[in-house]
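Structural description and commentary
Next come the chains, spelled out residue by residue.
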Amino acid sequence: MNPEAAGFEQPEPSAVFKIHGPDRMQVPIVLDSPHSGARRPPDFGCLLSDEDLRDAQDAHIDTLYRPATELGICLLAAEYPRTYIDANRHEGDVDLHLLDGPWPGVYQPSGKANLGKALAWRTLDDGRPLYDRPLSVKAMQWRIDHYHRPYHAALKRLLDEAYANYGCVYHINCHSMNPVSGLMGEGGQGQARADFVLGDRDGTTCSRPFTHFVQQSLCAHGYDVTVNQPFKGVELVRAYADPGLNRHSLQIEINKRLYMDMATGQTHAHFAVLQQQLMQLLADIRAQFTPFSPS
């Protein structure tokens, strides 16, 4: 049965996102994890199992960064799967081939539809389809209104609060990536990935010194770190960044093999080591770039 036939259920706010950390902004650093969610909305209607969808999930990333809250840093985490609707896409980045009719809203394609990974995913990285039918235009509009926009509104509120209090904000968009690219992967199939990929959209979403600082800090631990290759960062770093006004956004992609067993999906021993290194990085960012009290 098509789940849309039963109508749509208003999601509880806790089914859309959670904000971890202090109630009052204590430091102008904001983390967000838009792809770590796994809670299926009732109207999803996806053909694939939760196990299948795990390949697209930034598994454990919200947990990996969670101790940042002890540093006074807020962490926003999506609860729904990125395959349902991807917060890291412009709301107009609609895959027209996925819909049952003309799209009446803003249309701003990024090219991700060619990979099956636009606003709502059409395929997994290995090419498997998510649906056996088109999505209705109504379903896409519902997902935008009740999941995509609330996540963006929450992130903007956190960033604006930090900026209002401190005159600057450092936003880290937290992701993970498969060790090797799949059939529909960035850069083509079979491409081995670095340990970390930093994305600042070719220096347009944060200052060069900030990107360089993060890169050098990670390299000091012996990691292989690339910048803007093959991931430059997408909508969440683009939408709210303005380095000229001291609003900085940087995407960090972590190779999943650094913290989890790809066969079982469970974390392994290096998870704790990596977590400690990331917390040290955040503490160093706080000391290096935000050494003052709120205004």
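For the structure, see preceding data.
Remember, it's a predicted structure, so these values are computed and weren't measured experimentally.

Quick look at the pattern of salt bridges now. Per the counting criterion, the structure on display carries 16 salt bridges. Taking the shortest distance from any N to any O, the salt bridge between Arg-40 and Asp-50 comes out at 2.5 Å. One end of the pair, Arg-40, is in the loop between strand E2 (29-33) and helix H1 (50-53); the other, Asp-50, is in helix H1, with 10 residues separating them in the sequence. Under the relative-accessibility criterion, Arg-40 is labelled partly exposed at 31%. For the salt bridge of Arg-149 with Asp-145, the shortest nitrogen-to-oxygen distance reads 2.9 Å. Of this pair, Arg-149 and Asp-145 both sit in helix H3 (residues 137-166), four residues apart, roughly one helical turn. According to the relative accessible area criterion, Arg-149 is partly exposed, its value standing at 41%. Accessibility expressed as a relative area gives 39% for Asp-145, which makes it partly exposed. Connected via shared salt-bridge partners are Asp-52, Asp-126 and Arg-128.

It is worth spelling out H3 at this point. Counted at 1.5 Å a residue, the expected span for H3 with its 30 residues is 44 Å, and the 42 Å between its end C-alpha atoms agrees. One or two positions beyond H3, positive phi appears at Gly-167, with a value near 80 degrees.

Take the nonpolar core next. Within the largest apolar cluster, 80 residues are counted, with the highest numbers of intra-cluster contacts made by Leu-31, Tyr-65, Met-140, Phe-196, Ile-254, Leu-282 and Ile-285. At 13 residues, H3 tops the list of elements feeding residues into this core.

So, how was this worked out
- Residues numbered from 1 in each chain as written.
- Predicted model: local features only at pLDDT ≥ 70, side-chain atom pairs only at ≥ 80, totals over all residues.
- Heavy atoms only, no water.
- Salt bridge = Lys/Arg side-chain N within 4 Å of Asp/Glu carboxyl O.
- Helix = DSSP H or I, 4+ residues; strand = E, 2+ residues; numbered from the N terminus.
- Buried < 20%, exposed > 50% of the residue type's maximum accessible area, 1.4 Å probe, protein only.
- Expected span 1.5 Å × (residues − 1).
- Core = buried A, V, L, I, M, F, W, Y, C linked by side-chain atoms within 4.5 Å.

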